[in-house]
Amino acid sequence: AVVSTQSTGEYDVTIAADVVFDPRVLPHLVQTIKKNLSSPHRKDQVSYICSTVRNKETYGKFLDEIDEQGLVITDLDVSGLKSTYFSGADVVKLIKLELVR
């Protein structure tokens, strides 16, 4: 959501969910995330990406693209979270992405 019409396009935190599903757009997705993390005026920007892993191959390609773009990935533990929306078979991943500085 845009908070102001005077937005500089620079954000401290980017949050995304259910955006890893089409292997064809993964390079563009990761490039966009990297661009959002690349402000010369801010040094502590971070992105959080939450994904339900429905296809391990697609999610693996996403992680490979993150690695190729040189982003730092931290896998956050969500194993203790309970959800009535997802079945027990669904794997939910939450990662934090940062730019190498």
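Cut-offs applied
- Residues numbered from 1 in each chain as written.
- Predicted model: local features only at pLDDT ≥ 70, side-chain atom pairs only at ≥ 80, totals over all residues.
- Heavy atoms only, no water.
- Helix = DSSP H or I, 4+ residues; strand = E, 2+ residues; numbered from the N terminus.
- Buried < 20%, exposed > 50% of the residue type's maximum accessible area, 1.4 Å probe, protein only.
- Contact = heavy atoms within 4.5 Å.
- Expected span 1.5 Å × (residues − 1).
- Arc of directions from axis to C-beta.
- Polar contact = N/O pair within 3.5 Å; in protein donor to acceptor, adjacent residues only side chain to side chain.
- Core = buried A, V, L, I, M, F, W, Y, C linked by side-chain atoms within 4.5 Å.
- pLDDT = per-residue confidence, 0-100.

*Asks:* Help me out: how do you make sense of the overall build of the protein in this one?
*Replies:* When helices and strands are counted, the protein shows 2 helices and 4 strands. Ordered by position from N to C terminus, the α and β elements of the protein give β-α-β-α-β-β. Scored against the burial criterion, the 101 residues of the protein give a buried share of 28%. Looking at the protein alone, contacts between residues at least 24 apart form 77% of all its contacts between residues at least 6 apart.

*Asks:* Is there a simple way to think about helix α2 (residues 56-68) in this case?
*Replies:* Given 3.6 residues per turn, any residue in an α-helix points the same way as the ones three and four places further on. The first and last C-alpha atoms of α2 sit 18 Å apart over 13 residues, in line with the 18 Å expected at 1.5 Å per residue. For α2, the complete set of buried residues consists of Thr 58, Tyr 59, Phe 62, Glu 65 and Ile 66. For α2, the angular spread of buried residues about the axis comes to 115°, placing them on one side. Away from its buried face by more than 90 degrees, α2 exposes Lys 56, Glu 57, Asp 67 and Glu 68. Where α2 is buried, its residues contact α1 (26-36), β2 (46-53), β3 (71-76) and β4 (91-99). Sitting at the head of α2, Asn 55 places a side-chain oxygen 2.9 Å from the backbone nitrogen of Glu 57. After α2 finishes, the residue Gly 70 shows a positive phi value of roughly 75°.

*Asks:* Honestly, the nonpolar core in this entry has me stumped. Any pointers?
*Replies:* Buried together is how nonpolar side chains tend to be arranged in soluble globular proteins. Counting residues in each nonpolar core, the largest one holds 16 residues, and the members touching the most others are Ile 49, Phe 62, Leu 71 and Leu 97. Those elements giving two or more residues to this core turn out to be α1, β2, α2 and β4. Among the elements that make up this core, the one with the highest residue count is α1 (4 residues). Here Phe 62 is in contact with Val 20, Leu 26, Leu 29, Val 30, Ile 49 and Ile 95, once residues within four sequence places are set aside.

*Asks:* Explanation requested: the confidence of the model for the protein in the structure shown.
*Replies:* Should pLDDT be low for a region, the predicted coordinates there are not to be read in detail. Taken residue by residue, the protein gives an average pLDDT of 86. The fraction at 70 or more is 82%. For the stretch residues 1-5, pLDDT sits under 50, and the model shows 1 contact to residues farther than four places along the chain or on other chains.

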